[in-house]
Amino acid sequence: MSSIDRRNAEYGPLIQDFKNDVKDVNIKGITGPHFPGVGECYDLAKYKFAFCGMETYGWNMMEDFMLRSEDEYLSDSDTRLNDLEHLGWMANGHATFWAFVFKFLAKFYKVDFKKLVAKEGDVTSSSILKSFVWANANCIERYEVTSKWEGAEIDSWNVVKSASRRFDDLNHIINSCMPKVIFIIYSGVDEKNYILNETTLSDIFGKNFEQRRNVLKLNNENPKYNYYYLRDSATHVFHLPHPTWMGLYSGIGIDSYVDSLIKDIVNYNVWDTLPKTGEDWQDNTPSVDNKATMDYKAELIASIAHSLVPKNAVMYGGNLARIFNMNDVTTNYGGRYSEDGGRGIYKVISSAWAYYYGRGDYQTAYEIARCFVNKNGEYAY
């Protein structure tokens, strides 16, 4: 399943509920919601980024939104990225959202900035410009930006804006696209509801509410921004001031922020290596020791079973899930296993049994069948 498919599955039901909430509202003149756009190179990218701004400045209208299907409307942001329309949105190179995005990408991938933003760029530059997720913290822009000038009623706009809050949650991006690094380039974002809302994180990440500090927060003073490590999803979030402030009022400019962020990406060991050239944007070297494969999982489960059976010991499935999560052994969809002993972990145990049984290794299959239990000590598969 692609990131776009997961994005559509994540937002589709939310859009249906939103439409029901506003169906009797006078939506004439109100700007429609903006949803995260996923570039066509995102799933191929070795370094997965999401850039989240404050809001759009003009977008589709609510009347158009209400008439279209969820998947069709969601594709608008993707299309604009893939058509490289964002190259025309920078306005200036020192104090805008897209100036920050392009300067970061140029510095991170070690490509020439002017070459990257050239309208007739090469294949590498074009791929980099389609390799990330583009979102906004406010899916409905402020009234005075567009809706006011289109003659929208302020009371109607307030109803639409209130109903749209369900979309303004970083977890919807994490659940569907799973970026490794997210830049929130808007200081006014609601930390509690937008960044740290545990209630909307997908179960695929195996949320551990017993762990009091499942978020690490660090304050960077020079330049000034906040860093969050969201342990449940292994996501690195940088919460930055608006690019206008960075470029015009910080006294140091966007380039200094970019330099600091790349330094932090190294210091926090976000990735083992950073790109040496622009061509390194793509992950062309999948590991032969892929932890998401059934071969790897079966071998790990077998090794644990080999050590438990001679001691007449058993292991709770939730503890196996914890071992998997601690060692970045993911589900087939790249997510985490539930540590509450959910069906997912017992399914993989059952598959490991079948893996060895089908190969005629009945002893290993027997050991796997014998030593994994549910929290009541019963065989659950």
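Quick caveat: nothing in here was measured; it's all calculated off a predicted structure.

> Could you give an account of the sheet that holds strand β3 (residues 133–136), naming the residues involved and the relevant values?
Taken in spatial order, the seven strands make up an open sheet running β1-β3-β2-β4-β7-β6-β5, and their pairing is mixed. Each of the sheet's edge strands pairs with one partner strand only, and the pair in question is β1 (37–38) and β5 (215–221). One ladder, built from two bridges, connects β1 with β3; its direction is antiparallel. Counted as the bridge partner of Gly37 is Trp134 from β3.

> How would you sum up the packing of helix α1 (residues 3–22) against helix α8 (residues 170–177)? Please name residues and give values.
Across the interface, α1 lies against α8 with an axial gap of 7 Å and an inter-helix angle of 140 degrees. Considering their axes alone, α1 and α8 lie oblique with respect to each other. Here α1 and α8 pass one another in a crossing that is right-handed. Between α1 and α8, the residues in contact are Ser3, Arg6, Arg7, Glu10, Tyr11 and Leu14 and Asn171, His172, Ile173, Asn175, Ser176 and Cys177, respectively. For the contact of α1 with α8, the per-class residue count stands at four nonpolar, five polar and three charged.

> Give me the packing of aromatic side chains: which residues, what numbers.
Counting across every chain of the model gives 42 aromatic pairs. Centroid distance Phe100 to Phe104: 6.5 Å. Interplanar angle 20 degrees. Geometry classified as stacked. On the criterion of helical spacing, the pair formed by Phe100 and Phe104 is a turn pair, its members being four residues apart in helix α4 (residues 97–109). Here Phe104 falls in the buried class, since its relative accessible area comes to 0%.

> I'd like a rundown of the side chain of Ser233, residues and numbers included.
Relative to the elements of secondary structure, Ser233 occurs in the loop between β6 (224–230) and β7 (235–240). Apart from the residues within four sequence positions on either side, Ser233 is in contact with Ile174, Leu201 and Phe205.

> Any details on a nonpolar patch on the surface? Residues and values, ideally.
Where nonpolar side chains cluster on the molecular surface, the patch consists of Trp245, Leu248 and Tyr249 and spans about 360 Å² of accessible area. Within the secondary structure layout, Trp245 lies in helix α10 (residues 243–248).

> Hey, could you go over the packing of α4 against helix α11 (residues 254–267) for me, with residue numbers and the actual values?
Contact geometry of α4 with α11 gives a least axis separation of 10 Å together with a crossing angle of 50 degrees. As summarised for this structure, α4 and α11 are arranged oblique, according to the angle between their axes. For the crossing formed where α4 meets α11, the hand is right-handed. Across the interface between the two elements, Ala99, Phe100, Lys103, Phe104, Lys107 and Phe108 from α4 touch Ile254, Asp255, Val258, Asp259, Leu261, Ile262 and Ile265 from α11. For the contact of α4 with α11, a count of residues per class yields nine nonpolar, no polar and four charged.

> Before we move on, can you summarise α1 with the specific residues and values?
Taking 1.5 Å per residue as the helical rise, α1 with its 20 residues ought to reach 28 Å, and the 28 Å between its terminal C-alpha atoms agrees with that figure. Buried residues of α1: Ser3, Arg6, Arg7, Asn8, Glu10, Tyr11, Gly12, Leu14, Ile15, Phe18, Lys19 and Val22, and no others. Residues of α1 that are buried make contact with β1, α2 (62–67), α3 (70–82), α7 (154–163) and α8.

> Help me get a handle on unusual backbone geometry, residues and values and all.
The omega angle of the peptide bond from Asn222 to Pro223 is 0 degrees, so this bond is cis rather than trans. Within the secondary structure, Pro223 sits in the loop between β5 and β6. Its identity as a non-glycine residue notwithstanding, Lys110 has a phi of 60 degrees, on the positive side. Along the chain, Lys110 turns up in the loop between α4 and α5 (113–116). One non-glycine residue, Asn312, lies in the positive phi region at around 55 degrees. With respect to the helices and strands, Asn312 occurs in the loop between α12 (294–308) and β8 (315–316). The exposed category is assigned to Asn312, whose relative accessible area is 62%.

> Residues and numbers for the nonpolar core, please.
In terms of nonpolar packing, the biggest core is built from 90 residues, with Phe49, Phe51, Phe100, Phe104 and Phe183 touching the most fellow members. When near neighbours in sequence (up to four residues on either side) are disregarded, Phe100 contacts Phe51, Phe183, Ile185, Leu240, Pro243, Met246, Ile254, Val258 and Leu261.

> Before we move on, can you summarise the environment of Asp24 with the specific residues and values?
Positionally, Asp24 belongs in the loop between α1 and β1. Take Asp24: its relative accessible area is 72%, and that puts it in the exposed class. Placed 310 residues apart in sequence, Asp24 and Gly334 show a C-alpha to C-alpha distance of 40 Å.

> An account of the pairing of β6 is needed here, citing residue identities and associated values.
Bridge count between β5 and β6: seven bridges; the pairing is antiparallel. Bridging from a neighbouring strand, Glu221 pairs with Lys224 of β6. Note that β6 and β7 share five bridges and pair antiparallel. When the bridges of β7 are listed, Asn226 appears paired with His239. The loop that links β6 with its antiparallel partner β7 comprises four residues; one of these, Ala234, has a positive phi angle of about 55 degrees.

Conventions adopted
- Residues numbered from 1 in each chain as written.
- Predicted model: local features only at pLDDT ≥ 70, side-chain atom pairs only at ≥ 80, totals over all residues.
- Heavy atoms only, no water.
- Pairing = 2+ DSSP bridges.
- Helix = DSSP H or I, 4+ residues; strand = E, 2+ residues; numbered from the N terminus.
- Axes fitted to C-alpha atoms, helices over the stretch in contact; angles between N-to-C directions.
- Parallel < 35°, antiparallel > 145°, perpendicular 65-115°, else oblique.
- Left-handed = near helix turned anticlockwise from the far one by under 90°.
- Contact = heavy atoms within 4.5 Å.
- Nonpolar A, V, L, I, M, F, W, Y, C, P; charged D, E, K, R; others polar.
- Phe/Tyr/Trp six-rings, centres within 6.5 Å; stacked < 30°, edge-to-face > 60°.
- Buried < 20%, exposed > 50% of the residue type's maximum accessible area, 1.4 Å probe, protein only.
- Patch = residues over 30% accessible without salt bridge, like charges linked within 9 Å, V, L, I, M, F, W, Y side chains within 5 Å.
- Areas by Shrake-Rupley, 256 points an atom, 1.4 Å probe, with all protein chains shown as cover.
- Salt bridge = Lys/Arg side-chain N within 4 Å of Asp/Glu carboxyl O.
- Expected span 1.5 Å × (residues − 1).
- Core = buried A, V, L, I, M, F, W, Y, C linked by side-chain atoms within 4.5 Å.

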